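Listed below are the residues making up each chain.
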Amino acid sequence: MNRKRVVIAGGVAGGATCAARLRRLDESADILVLDRGPYVSFANCGLPYYVGNVIQDECKLLLASPELFRDRFNIEVRTKHEVVAIDRREHTVTVRDLETGTESEEHYDALVLSPGAVPIRPAWPGTGLPGIFTLRSVPDSREIRNWIETRNPRSAVVVGGGFIGLEMAENLRHRGIAVTVVELAKQVMPPLDAEMAEYARQHLEAHGVNLVLGEAVVGFERRFNGGLVVRTQSGTAFETELVVLSIGVRPETQLARDAGLAMGERGGIRVDDQMRTSDPSIWAIGDAVEVKHWVTGQWELIPLAGPANRQGRVAADAICGRDTIFRGVQGTAVCGFFGLTVALTGATEKSLSRNGWRDYAAVYLHPSHHVSYYPGAKVIHLKLLFRKSDGLVLGAQGVGEQGVARRIDVIAQSIQMKATVFDLEEAELCYAPQYGGAKDPVNFAGMIASNVVRGDMELAPWSGLDATSATLLDVREPHEFRAGSIEGAINIPLGELRARSGELPRSKEIWVNCQVGQRAYYACRILAQHGFRVRNLSGGYNTYRVLYPEGVPQPAGSQVR
Ligand code: FAD
C-alpha cells in the first residue's frame, strides 16, 4: 500500500496540531515534522512569564517532545532541521540539518507550511547591540533571563505597547526592574479603540510603568559603562540596561515566495477556506497566512494561537479528504497585566470606520462583574458595537479586574453565530451572587443596544460633544455632579425631573448623562414621552472621563440647580 507522505515545516502551534490531527484521521499516513528550532510544540504564549520567573521551570513550556510524538502518534519529528527550498514539480523539499550543515531531499504528497512569524527588528542604528532582545522562542526567553540574572539591570525599555510589550512590562516589573514603554501610537494596545485603551494606560501608570506614548524610537547607542541609550524622534534619550523590542511580527513567507506561491496584499500567504495555497498539494496555516476577518470580510494578518490551532485541524481534514472549512478570524484576544484584563473580539470602531462602515453604533456600560452587594464586585468597562439597522453584533471590548474574558467570550461566540443584540438581551447565562447578576453585563449590553435598534433610545455622539448646541443634562445627584461633570452640563437629579421638566428647552435636543448610563436612560424615556428630543450619552460620566481626561475637573460655567 502507498502511504501518503505529509511533510510539515514548523512544528509549534499550527504544525504540531496539524500533525496530531492527521494521525487521528489517518493511521497509515507517513508524517514528518521539521522545525528549525530546538523544540516543537512549545508554549510561545508562556514566554513572557518565564522571563518574569512566574513560570520558573523551562520544561513547563515544552508541551510535547519529539519522543512523545514518536511514541504516542507515530510521527517523526526532526528539530534543528530547516526546510530551505520547495520543488513543486518534483514534490520535494530540501532540508538542512542545522547541526551538521548537510542537506537532503524529502518527498511529499502533501506539504504543510506553518513557519509562523518573525519579530520585526527594524534597521535602526544600534538595533543589534547586546542587551536588545526580541521574544519569540524558548532560547530568546532564556537569553533575556540570563541577561537579567547576570547583569541585574535596574531599568528596561520596552519598545512597543501592544500585547506582548505589556506582558513583558509586567514581567520585568515582577523582576524588580523599572520599566519604560515607548509606543509610537498615542495609546497602548493599538488594536483597541483609544478610549478603551485609556483604562489600560491608567492602570499601567498606577503600577509604576513609565509610558511614553506617541513617540518613535529611532536608534540605540552603547554607553562606555555597558549601558544602553534609547533615542526617540523628539530628541529624548532614555538610559537603560535592557531593551525588549515588541513592535510586531511579520509573516515568515520567504520559503513560500521562493516557491512561487500566491501572496496576499498584506504580505501573508494566500490560502483558500481549507488553508490550501495556490498549489493544490501545499497547505499553509498560522501566523504566515492572511485570513478573512469574520466581521469586516477584509484580508488581514491576525497572529493568534487559537486560529493557528484551528487552521492546523482544517488543513489536516482537507489533506484527508474531509470538507471542513475555516470560518475566518475575528481577532478574539485577551491580555492581562497587574491584575487588569483587557479583551476584545470582532470589529473595533477603528476597523469599522477604516473599512468605510457607517451603519453601526457603539454603547458603553460599566456594570459590576457580579452583583454589587456581594463583596469584591469589580467594574467591567464594556463597549459593544452593533449594526444599527438590524442589531447584528459586530464587536466588543472589555477592561476590568474580574470577569472580563468570560463576557468577551460569550460575545465572541455570539458574533460567530451571527447573533444580534436581541440575542444578547435574551442570553441565559450563569448566575449566583459571586459570579454575576441575574441580568449579566452581557444582557445589559444587549438591552442597551436593543433600545437603540428599537428606537426607544437615541444615542448622542460622544465625538460631537465639543461642537454641539444641545442642552447637556446631568441627572445624577448634586454631590455626584459636584465631584465632576461634563463641561457645560446642567444638573437636575432624576428624582426631580418630572417636576422640573419645565426648565428644559423644547426647541433644542437634550443630551442626557448620569454616571454609567442607566439613570440617563430612565430620564430619556421620561422626557421623550413628554415630547422632548433626547439622546443618551452612552456610558455616562465614566465614559466621559476616559474620552476627555483633561475635562474631569468641574468647569467654570456649569451650574448646580
Ligand atoms: P509558531 O508557533 O511560531 O511556529 C512556527 C515554527 O516554525 C517555529 O518553531 C519556527 O522555528 C519554525 N520554522 C519557521 N520556518 C521554518 C522552516 N523553513 N523550516 C522549519 N521550521 C521552520 N497568541 C495568543 O492567541 N494568545 C497569547 O497569549 C499569545 N501570546 C504570545 C506571546 C508571545 C511571546 C509570542 C511570541 C506569541 C504569542 N501569541 C499569542 C501568538 C501565538 O504564539 C502565535 O500566533 C502562534 O504560535 C502561531 O502559530 P504558528 O504555527 O503559525 O507559528
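Treat the numbers as computed from the prediction; the structure is a model and nothing was measured.

**Student:** Would you take a moment to explain the site of the ligand for this structure?
**Tutor:** What surrounds the ligand is a group of 27 residues, the closest being G14, S114, R136, D287 and A305. Taking R136, its side chain carries an N or O atom lying 2.7 Å from an oxygen atom of the ligand. Note that an oxygen atom of the ligand is positioned 2.7 Å from one of the side-chain N or O atoms of D287. Computed on the free molecule, the ligand has an accessible area of 990 Å², of which 89% lies beneath the protein chains in the complex. Those elements giving two or more residues to the shell around the ligand turn out to be α1 (13–25), β2 (30–35), β4 (81–87) and α8 (305–319). For the shell around the ligand, a count of residues per class yields 14 nonpolar, eight polar and five charged.

**Student:** I'm lost on the pattern of salt bridges in this one. Help?
**Tutor:** A side chain with one charge can pair with a side chain of the opposite charge if their charged atoms come near. The full count for this structure, using the stated rule, is 37 salt bridges. Taking the shortest distance from any N to any O, the salt bridge between R454 and E425 comes out at 2.8 Å. One end of the pair, R454, is in helix α12 (residues 441–454); the other, E425, is in helix α11 (residues 421–426), and 29 residues separate them in sequence. Between E509 and R535 there is a salt bridge whose closest N-O contact spans 3.0 Å.

**Student:** What should I look at first to understand the nonpolar core in this one?
**Tutor:** Note on soluble globular proteins: their nonpolar side chains tend to be buried together. Of all hydrophobic cores here, the largest spans 57 residues; its most connected members are L172, M189, L242, F337 and I486. Once residues within four sequence positions are removed from consideration, L172 is found in contact with V51, I148, A156, V158, I177, V179, L242 and V244.

**Student:** I tried to follow the packing of aromatic side chains on my own but got confused; where do I start?
**Tutor:** Aromatic ring pairs are defined here through the distance separating the ring centres and the angle between the ring planes. Counted by the stated rule, this structure contains seven aromatic pairs. Ring pairing ties together the aromatic residues W462, Y541, Y544 and Y548, which thus form one cluster. Between R270 and the ring centre of W299, over which it is positioned, the NZ or CZ distance is 3.8 Å. The lysine or arginine in question, R476, covers the ring of Y541, its NZ or CZ lying 4.6 Å from the ring centre.

Reading the values: the criteria
- Residues numbered from 1 in each chain as written.
- Predicted model: local features only at pLDDT ≥ 70, side-chain atom pairs only at ≥ 80, totals over all residues.
- Heavy atoms only, no water.
- Near = heavy atom within 4 Å.
- Polar contact = N/O pair within 3.5 Å; in protein donor to acceptor, adjacent residues only side chain to side chain.
- Areas by Shrake-Rupley, 256 points an atom, 1.4 Å probe, with all protein chains shown as cover.
- Helix = DSSP H or I, 4+ residues; strand = E, 2+ residues; numbered from the N terminus.
- Nonpolar A, V, L, I, M, F, W, Y, C, P; charged D, E, K, R; others polar.
- Salt bridge = Lys/Arg side-chain N within 4 Å of Asp/Glu carboxyl O.
- Core = buried A, V, L, I, M, F, W, Y, C linked by side-chain atoms within 4.5 Å.
- Buried < 20%, exposed > 50% of the residue type's maximum accessible area, 1.4 Å probe, protein only.
- Contact = heavy atoms within 4.5 Å.
- Phe/Tyr/Trp six-rings, centres within 6.5 Å; stacked < 30°, edge-to-face > 60°.
- Lys NZ or Arg CZ within 6 Å of the ring centre and 35° of its normal.

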